[in-house]
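Understanding the architecture of this molecule
This is what each chain is made of:
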Amino acid sequence: MENEYTEKDKISIIVFEVGWEQFAIELLEVKEIIQAGQIRRLPKGFDFIEGIFNYRGDIIHVINLKKKLRLDDYNLYGFDNNGSNKNTSNNTTSEKNAPEKNAPEKNDSDIESNENSHVKFIIVANINDTNIGFYVDRVQNVVHVNVKDIIRLSPIFQTSISVVDYIKGIIKFEDKPRILINLNKILSETEQTTIKKEKVNVS
Amino acid sequence: MSKNSKKRIMIVDDAMFTRNILKKIIDNTDYSEVVGEAANGNEAIELYKKLKPDLVTMDLVMPVKGGIETIEDIIKMDKTALIVVVSALGQEALVLEAAKKGAKDFIQKPFKNEQVLDVIKRILLK
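So, a few notes on the structure that sits alongside this text. (Residues numbered from 1 in each chain as written. Chains lettered and ligands numbered in written order. Predicted model: local features only at pLDDT ≥ 70, side-chain atom pairs only at ≥ 80, totals over all residues.)

**Quick word on the overall build of chain B**
The helix and strand inventory of chain B stands at 5 helices and 5 strands. Reading chain B from its N end, one meets helices and strands in the order β-α-β-α-β-α-β-α-β-α. Computed over the C-alpha atoms, the radius of gyration of chain B is 13 Å, within 12% of the 14 Å expected from 2.2 N^0.38 for a compact globule of 126 residues. Relative to its full complement of 126 residues, chain B shows a buried share of 41%. Counted over contacts in chain B with a minimum sequence separation of 6, partners at least 24 positions apart contribute 58%. (Helix = DSSP H or I, 4+ residues; strand = E, 2+ residues; numbered from the N terminus. Rg over C-alpha atoms; globule rule 2.2 N^0.38 Å. Buried ≥ 20, exposed ≤ 12 C-beta atoms within 10 Å, placed from the backbone. Contact = placed C-beta atoms within 7 Å.)

Structure (structure tokens):
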């Protein structure tokens with residue numbers, strides 16, 4: 001976990017869905033979550049940029065997380081669209097014996113989201129003084145998580161695959177693990193600079 | 001957080017009992033103090049304009065104006081506002097709505113002193 005936390009701490013996370021997968025981010029990283037309105041396409045640029053969006057008078061870039069995380073390429077845990085595991089042998093003892101009931105529960109918002117599955121959301125975060133939107137399919141829940149239940153990736157994994165820079169860890173939930181993402185690291189420096197330049201041009 | 005720069009906290013809750021408990025917990029530290037209390041959303045907005053506190057604790061269900069609407073109004077007024085929701089069991093959907101509007105954390109009732117202070121420290125030290 002991040003250096004500022006100790007194993008005794010708890011953090012608040014927000015769980016969201018992109019494609020078939022569920023991820024989590026720290027609530028502190030979130031500025032606001034809004035229903036996706038009209039996103040205007042940009043003629044050229046990174047393929048993972050969905051377009052631009054007027055966020056309270058600020059024209060912000062909206063990142064398509066499904067494309068940025070290349071989720072069309074693979075299914076991380078082998079879950080189907082209903083959330084059931086295709087590979088039941090993956091249910092490990094450690095998941096069943098997770099120390100705290102962290103599993104996001106179904107609530108009224110879930111039901112509402114299911115009924116209005118066409119409604120998408122934009123998670124707005126401030127990345128190095130620039131507001132950026134992250135396009136997600138569904139926002140599920142806000143929960144507290146024990147820092148000790150967040151598994152850091154092993155150094156071997158971190159050095160062998162550069163794309164895992166943005167992964168803070170894997171959160172142990174009772175039903176299935178979720179990846180804890182660091183939104184501040186999801187864009188490379190070059191990508192952030194390009195977005196800042198484009199932002200000046202479109203504003 | 002040093003004693004000389006105590007963080008200024010505003011409590012918004014329609015129940016005086018809850019306000020008193022929160023005030024005792026917060027004032028009993030050397031890094032934070034309660035500078036104002038409001039019993040509903042309208043009072044909270046007026047008091048926020050006047051006090052500009054470092055952090056607000058916000059009840060969700062209140063008469064006149066509820067917590068969600070109040071969070072929305074305060075964030076519109078001050079994009080940097082730090083708001084922590086004080087929720088009850090069964091209010092998970094409301095907590096999610098509050099998070100969407102910009103609340104930074106939540107404390108669930110019934111709470112222990114340490115839980116309140118952990119959340120406050122986490123938000124104010126960020």
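Now that the structure has been shown, we can carry on.
**Regarding the packing of helix α3 (residues 67–77) of chain B against helix α4 (residues 92–101) of chain B**
Two quantities define a packed helix pair, namely the angle between the helix axes and the distance between the axes. Residue and element names in this part refer to chain B. At their nearest, the axes of α3 and α4 sit 9 Å apart, and the two run at 10 degrees to each other. With respect to their mutual orientation, α3 and α4 come out roughly parallel. From α3, G67, I68, I71, E72 and I75 reach across to α4, where they touch L94, E97, A98 and K101. Considering only residue class, the contact of α3 with α4 consists of 5 nonpolar, 1 polar and 3 charged. (Axes fitted to C-alpha atoms, helices over the stretch in contact; angles between N-to-C directions. Parallel < 35°, antiparallel > 145°, perpendicular 65-115°, else oblique. Nonpolar A, V, L, I, M, F, W, Y, C, P; charged D, E, K, R; others polar.)

**Digging into the sheet that holds strand β5 (residues 58–64) of chain A**
Residues and elements named next belong to chain A. What the 5 strands build is an open sheet, ordered β3-β6-β7-β5-β4; its pairing is mixed. Because the sheet does not close on itself, it has two edges, and the strands there are β3 (30–35) and β4 (49–55). Shown here is a sheet whose adjacent strand axes are inclined to one another by a mean of 30 degrees, direction ignored. For β4 and β5, the ladder comprises 6 bridges, and the chain directions are antiparallel. Looking across to β5, one finds that I49 is bridged to I63. (Pairing = 2+ DSSP bridges.)

**Looking at the pairing of strand β4 (residues 83–87) of chain B**
Residues and elements named next belong to chain B. Most of β4 is tucked away: 5 of the 5 residues are buried. The two faces of β4 match: I83, V85 and S87 on one face and V84 and V86 on the other face are all buried. By the bridge criterion, 4 bridges tie strand β3 (residues 55–59) to β4 in an arrangement that is parallel. Bridge pairing in β4 links D59 to V86. You can see the chain leave β3, run along α3 and come back into β4, and the turn it takes is right-handed. Running through α4, the crossover from β4 to the neighbouring parallel element strand β5 (residues 105–108) is right-handed. (Right-handed = clockwise from strand over helix to strand, strands pointing away.)

**A word on the interface of chain B and chain A**
Counting residues at the interface gives 13 residues for chain B and 16 residues for chain A. Looking at the side of chain B that touches chain A, the elements with two or more residues in it are α4 and β5 of chain B. The dominant element in the side of chain B that touches chain A, judged by the number of residues it contributes, is α4(B), at 7 residues.

**Here we look at helix α2 (residues 41–51) of chain B**
All names here are of chain B. Residues of α2 that are buried include every one of G41, A44 and Y48, and no others. One face of α2 carries all of its buried residues, which in axial projection span an arc of 50 degrees. Across from the buried face of α2, at angles greater than 90 degrees, the exposed residues are E46, K49 and K50. K52 sits one or two positions beyond α2 and adopts a positive phi of about 45 degrees. (Arc of directions from axis to C-beta.)

**A few points about the environment of A98(B)**
All names here are of chain B. Counting through the fold element by element, A98 comes out in helix α4. Residue classification places A98 among the buried positions, given that 26 C-beta atoms sit within 10 Å. Spatially, the C-alpha atom of A98 lies 22 Å from that of I26, the residues being 72 residues apart in sequence. In contact with A98, not counting residues within four places along its chain, are L60, G67, I68, I71, V85 and A103.

**A short note on the pairing of strand β2 (residues 32–38) of chain B**
Residue and element names in this part refer to chain B. The pairing of strand β1 (residues 7–12) with β2 spans 6 bridges and is classified as parallel. Residue pairing across strands places V12 opposite A38, the latter belonging to β2. Between β1 and its parallel partner β2, the chain crosses via helix α1 (residues 16–27), and the hand of that crossover is right-handed.

**Quick look at unusual backbone geometry**
Outside of glycine, negative phi angles account for most residues, and trans bonds account for most peptide bonds. Of the consecutive residues K109(B) and P110(B), the connecting peptide bond is found in the cis state with omega at -5 degrees. Its place among the elements puts P110(B) in the loop between β5 and α5 (113–125). A positive phi angle is found at D129(A), which is not glycine, with a value near 70 degrees. Phi at V64(B) takes a positive value of approximately 70 degrees, unusual for a residue other than glycine.

**Side note on the environment of K120(A)**
Residue and element names in this part refer to chain A. For K120, the location among the structural elements is in the loop between α3 (108–115) and β6 (121–127). Put simply, K120 and I167 are 47 residues apart on the chain and 23 Å apart in space, counted from C-alpha to C-alpha. Aside from chain neighbours lying at most four places away, what touches K120 is A36, Y135, V136 and D137.

**Things to note about the packing of α2(B) against α3(B)**
All names here are of chain B. Two numbers describe how α2 lies on α3: the axes approach to 9 Å, and their chain directions differ by 20 degrees. When the axis of α2 is compared with that of α3, the two are roughly parallel. Taken as a pair, α2 and α3 cross one another with a handedness that is right-handed. Within the contact between the two elements, α2 uses G41, A44, I45 and Y48 and α3 uses G67, E69, T70, D73 and I74. (Left-handed = near helix turned anticlockwise from the far one by under 90°.)

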